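Per-entry structural report
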2 protein chains.
Amino acid sequence: MSDFSKGNVVIGQSGGPTAVINQSLVGAVETLRDSDTIGRIMGARHGVAGIVAENFVDLNDVDADRLEAVANTPAAALGSSRDKPDEVYCRKIFDVFKKNDVRYFFYIGGNDSADAARIVNEMASASDYELRTFHIPKTIDNDLRVTDHCPGYGSAAKFVASAFMGDDRDSAALPGIKINVVMGRDAGWLTAAGVLGRSDPADGPHLVYVPEVPFSTEQFLADVKEIYGRLGRCQIAVSEGIKDMTGTSVTVALAEALGHRVERDSHGNPQLSGSGALGDFLADYLKANMKVPLETLRVRADTFGYLQRSFAGYASEVDRREARECGRRAAALAMSGDLDGSVAIKRLDSSEYEVDYVRAELSDVARVTKSLPKEYINDRGNGVTEEFISYATPLVGGLPVLGKL
Amino acid sequence: MSDFSKGNVVIGQSGGPTAVINQSLVGAVETLRDSDTIGRIMGARHGVAGIVAENFVDLNDVDADRLEAVANTPAAALGSSRDKPDEVYCRKIFDVFKKNDVRYFFYIGGNDSADAARIVNEMASASDYELRTFHIPKTIDNDLRVTDHCPGYGSAAKFVASAFMGDDRDSAALPGIKINVVMGRDAGWLTAAGVLGRSDPADGPHLVYVPEVPFSTEQFLADVKEIYGRLGRCQIAVSEGIKDMTGTSVTVALAEALGHRVERDSHGNPQLSGSGALGDFLADYLKANMKVPLETLRVRADTFGYLQRSFAGYASEVDRREARECGRRAAALAMSGDLDGSVAIKRLDSSEYEVDYVRAELSDVARVTKSLPKEYINDRGNGVTEEFISYATPLVGGLPVLGKL
């Protein structure tokens, strides 16, 4: 039985799941279970929503084999949430925390989740309630500040790179124009990862469009014509988050032009995934404007969708290990006396890829995101640089080796 | 140097590539290279198109390591083709065969490719030209007759099942309605494979729609309402090839209603893949008709697209092995004196999964396809049976083991 006289723990998962967010959950839980100062470990179903509803799972007694299976399962095993707690919401969270003597709160998520943790933490301080609040980073978007990269990104990048590798061979076998739409609302990190399997200058993706560079359909057409004229085919990586010259999301502009309602989440972010509209629009645009007889022009668009963050059985080993360690470190920091923070991965300046884990301020991780820096995007704004490839390659933990004839 | 006095070989790949079509190529080549009676082994670039253009790759001298890397690479390493040779086309093929003393012709492909091989073979017989013509089966659609299953299906089924497994956990974490569109023009074999990772009655996919059952939007809505009302979420597998009560492809009807030109290949087949239109249409239909407040109704659609046949690094081991063996057997049959045929996989009546390889008549494999039999579809026409699961499970060669809390 759990000891109710010790500080109890609430741990939750938030935002879009990843292939390794459960590694972080299990990393924190196994570290907490090893300690004498920890009482009940309560997993909140569906993040903050589960806290206010007191919908908890006991994590003290889950057996180790099951916990290990959970760690290797994509998506949030506790359930996730898109709720952003306001003043009233936080008051309810406190009532639940006080009632249950919760002294440790771990929230695994992205920048919105770090912000939620920050708000809860500030309310705790203002109420003189001793609470240790730790954010554990996750996001396939890789757009959190301070950390070198985010747990979840390496696995999504491995999926995207492997998808581009196989699709590039498919497109070489039946040549034409192939558009692949990749997740990423504001940052092009995941779209850029499409290039990581290239082993030859003729390999795709031949063009990469990220949200950091304003998207022009005219320039897009000119770029595709140039590659298609030279290679007889063209494989293209496009972020779902590309924006036009006015900063309007191309997907949103298109949806509105077609008379579709654009969904927005509780953070005001437009819903971009779960639709093939952007890829279909770009394919139709090329068919209409390439000035190549349509009988001989093969144009296809795929939207990789939720598989990028949830595909089972294909996570990056490096990402798995690091996500686990982020959970462990957050638990260790909280138990060693730190009152709040987030865990950041620091890449060491060594010849082999090596990292360390450091504490970051919640306020430095919350809200503002990190875009792909200029030096990772080529001068023409339609591809990535060698610096990006050097940065991202270790994170995917190896890719398939392909052969050609 | 190759010996021109021996019978020469042309080998080609055709139709939509798979993750293991190169295993069959390598299986045939390695067996032919072991023989004294074989001269040049000429790989035709882009199938029959490469034959008439005399665009060949020498396969006698490719080193074994490279050949092995090719075997493990998705898509057609020689390039593929959608051409269907007519009388004139075949005359050109013969001219090339005679000129190059080609006595063995291997064509790796689906039913259209078997038909192409059959036509070439009949013209050879009629011209008294001794030619040994073998078809080597491949198709992710699993719709060839005679054979128990087709090389290429197991790997695509493994991809689809793993995608559904991860996506189901993702959909459980952020509940709503999730539609996943799966490849398959006329047969629902691949869509049905979405269920292979289910380990619990609450696991998705909760509904499966295949081309063999006429699709009614009203029934679809009623089915989804029932599941959503009971589980609070619903994961759906839909074949891109679903047809309405009149036999019209829902994708084609939708494209035409939206004013899009529908592409058809040289066999007259409409182009269904490479577009997200069907998924988006079904999602919009549910949003408009579920009678649930849109703020609380999360509906998403993904179209798995070309990744199903080309994803790198995730093939079924069983499929890899069998595809390799089909190539080897075709070469062995041709060299042992058989004049023509296809290789079929025969499942043995044993407690463990075991197969043998037998010769099939070209005419039995050509043209007509094999649908999902009635006993594999449930009575309501919105799911699959245990018989299907028993049939398909051994072919994927194992799936990830997931854990839940």
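As the structure is a computational prediction, the values presented were derived from the model and not from experiment. Residues take numbers from 1 onward in each chain, read along the sequence in its written order. Whichever chain is written first becomes A and whichever ligand is written first becomes 1, with later ones labelled in order. Residues qualify for local features only when their pLDDT is at least 70, as the model is predicted, and side-chain atom pairs are given and counted only at 80 or more; totals for whole chains, interfaces and linings, by contrast, use all residues. The basis for every side-chain value is the complete set of heavy atoms in the structure, and neither hydrogens nor water enter the calculation.

**Some thoughts on the side chain of Glu322(A)**
Residue and element names in this part refer to chain A. Here a helix means four or more residues in a row that DSSP labels H or I, a strand means two or more in a row labelled E, and each is numbered from the N terminus. Turning to its location among the elements, Glu322 is positioned in helix α12 (residues 317–335). Buried means the residue's accessible area, taken with a 1.4 Å probe over protein chains only, is under 20% of the maximum for its type, while exposed means over 50%, and partly exposed covers the values in between. Residues scored as positive are Lys and Arg, those scored as negative are Asp and Glu, and His as well as the terminal groups of each chain are ignored. Put simply, a salt bridge is a Lys or Arg side-chain nitrogen that is within 4 Å of an Asp or Glu carboxyl oxygen. Of the side chains with opposite charge, Arg321 lies nearest to the buried Glu322, which makes no salt bridge, at 5.7 Å. Throughout, a contact is declared for two residues whenever any of their heavy atoms are within 4.5 Å. Leaving out residues up to four positions away in the same chain, Glu322 has contacts with His149, Ile345, Tyr353, Val355 and Tyr357.

**Points about the packing of aromatic side chains**
In this description, an aromatic ring pair is defined by two values, namely the gap between the centres and the angle between the planes. Centres within 6.5 Å make a pair out of two Phe, Tyr or Trp rings, where for Trp the six-membered ring is used; the pair is then stacked when the planes are under 30 degrees apart, edge-to-face when over 60, and tilted otherwise. In total, this model carries 31 aromatic pairs over all chains according to the counting rule given. On the numbers, 5.8 Å between centres and 70° between planes, the contact of Tyr376(B) with Phe388(B) is edge-to-face. One end of the pair, Tyr376(B), is in the loop between α13 (362–365) and α14 (386–392); the other, Phe388(B), is in helix α14, with 12 residues separating them in the sequence. Within the aromatic cluster, the residues linked to one another by ring pairs are Phe159(A), Phe311(A), Tyr314(A), Phe159(B), Phe311(B) and Tyr314(B). Only Lys NZ and Arg CZ are tested; either one counts as a charge over a ring when it is within 6 Å of the ring centre and within 35 degrees of the ring normal. The ring of Tyr129(B) has Arg103(B) sitting right over it, with the charged end atom 4.2 Å from the ring centre.

**So, helix α8 (residues 217–231) of chain B**
Residues and elements named next belong to chain B. Helix span, expected: 1.5 Å multiplied by one less than the number of residues in the helix. With 15 residues, α8 should reach 21 Å at 1.5 Å per residue; the first-to-last C-alpha distance of 21 Å fits that figure. Residues of α8 that are buried: Thr217, Phe220, Leu221, Asp223, Val224, Ile227 and Tyr228. Projected onto a plane normal to the axis of α8, the buried residues spread over an arc of 165° and lie on a single side. In α8, the exposed residues that point more than 90 degrees away from the buried face are Glu218, Gly229 and Arg230. In this fold, the buried residues of α8 make contact with β6 (177–182), β7 (207–209), β8 (234–239) and α10 (277–289). Summarising the geometry, the arc corresponds to the directions from the helix axis toward the C-beta atoms.

**Let's talk about helix α3 (residues 64–71) of chain A**
Residues and elements named next belong to chain A. Leu67, Ala69, Val70 and Ala71 are the residues of α3 that are buried. Lining the buried residues of α3 we find α1 (21–33) and α12. Regarding α3, its N-cap is Asp63, as a side-chain oxygen of that residue lies 3.1 Å from the backbone nitrogen of Asp65 further along. Here a polar contact is taken to be a pair of N or O atoms separated by no more than 3.5 Å, where protein atoms must pair a possible hydrogen donor with a possible acceptor and residues adjacent in sequence count only if both atoms sit in side chains.

**As for the pattern of salt bridges**
Scanning the model with the defined rule gives 56 salt bridges over all chains in all. Shared partners join several salt bridges into a network, and the residues in it are Glu30(A), Glu68(A), Arg324(A), Glu325(A), Arg328(A), Arg329(A) and Asp356(A).

**Brief notes about the domain arrangement of chain A**
Residues and elements named next belong to chain A. These domain boundaries are the output of an automatic or database domain assignment. Taken domain by domain, chain A consists of domain 1 (7–151 + 314–365) and domain 2 (153–313 + 372–396). Facing 26 residues of domain 1, the contacting portion of domain 2 comprises 25 residues. Taken as a group, Arg82, Ile140 and Tyr314 account for 34% of the area that domain 1 buries against domain 2, more than any other trio of residues on that side. Run the count over domain 1 and domain 2 and you get 0 salt bridges. Taken together, domain 1 and domain 2 are joined by 12 residue pairs in polar contact (both at pLDDT 80 or more). Basically, the charged four are Asp, Glu, Lys and Arg, the nonpolar ten are Ala, Val, Leu, Ile, Met, Phe, Trp, Tyr, Cys and Pro, and anything else, Gly included, counts as polar. For the side of domain 1 that touches domain 2, a count of residues per class yields 11 nonpolar, 6 polar and 9 charged. The term buried area refers to how much accessible surface (probe radius 1.4 Å) is lost by two components on association, counted for both of them together.

**Some thoughts on the sheet that holds β8(B)**
Residues and elements named next belong to chain B. Taken in spatial order, the 4 strands make up an open sheet running β7-β8-β6-β9, and their pairing is parallel. Edge positions in the open sheet fall to β7 and β9 (299–303), since each of these has one partner strand only. Recorded for the sheet is a direction-independent mean angle of 15° between the axes of neighbouring strands. As paired elements, β7 and β8 share 3 bridges and run parallel to each other. When the bridges of β8 are listed, Val208 appears paired with Ala237. Between the N-to-C directions of two axes lies an angle of 0 to 180 degrees, each axis being a line fitted to C-alpha atoms and, for a helix, fitted only over the stretch in contact. Contacts from α10 reach β6, β8 and β9, with the element oriented near 155° to β6. Pairing between strands is defined by DSSP: at least two bridges between the two strands are required.

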